[in-house]
Amino acid sequence: MSIVYKKMMKMGKPYVEGLIDYFKNKGFEKPEIMTRYFSALMDGIQMHIMLDPKTFPAEEVKKLLIKQFA
């Protein structure tokens, strides 16, 4: 597990750093926490889309994400 974790962290590091920079530039008080929150939120949305692609309100959720994070 530690080998997989290290590889995942190496691959994901630029993504995480980019998000932290984004949230810093947007003036979020705790950009590291917002990055974790945003990533967890995206994980959940992706799961719902996979489980319920026909009725999940993707466009409405997209608008909420933009409103909250853009």
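Look a little higher up for the structure.
We now turn to the structure provided with this report. (Residues numbered from 1 in each chain as written. Predicted model: local features only at pLDDT ≥ 70, side-chain atom pairs only at ≥ 80, totals over all residues. Heavy atoms only, no water.)

**Comments concerning the packing of helix α1 (residues 2–25) against helix α2 (residues 31–51)**
In contact at an axis separation of 8 Å, α1 and α2 are set at 120 degrees when each is read in the N-to-C sense. In terms of their interaxial angle, α1 and α2 are classed as oblique. At the point where α1 passes α2, the crossing takes the right-handed sense. Along its contact with α1, which presents Y15, V16, L19, I20, F23 and K24, the element α2 presents P31, E32, M34, T35, F38 and S39. Residues belonging to the contact of α1 with α2 are distributed by class as follows: eight nonpolar, two polar and two charged. (Axes fitted to C-alpha atoms, helices over the stretch in contact; angles between N-to-C directions. Helix = DSSP H or I, 4+ residues; strand = E, 2+ residues; numbered from the N terminus. Parallel < 35°, antiparallel > 145°, perpendicular 65-115°, else oblique. Left-handed = near helix turned anticlockwise from the far one by under 90°. Contact = heavy atoms within 4.5 Å. Nonpolar A, V, L, I, M, F, W, Y, C, P; charged D, E, K, R; others polar.)

**Structural notes on the environment of I45**
Mapped onto the fold, I45 is located in helix α2. A relative accessible area of 13% places I45 in the buried class. Separated by 11 residues in the primary sequence, I45 and F56 have C-alpha atoms spaced 9.1 Å apart. Every residue in contact with I45, bar those within four places of it in the chain, is listed here: F56, V61 and L65. (Buried < 20%, exposed > 50% of the residue type's maximum accessible area, 1.4 Å probe, protein only.)

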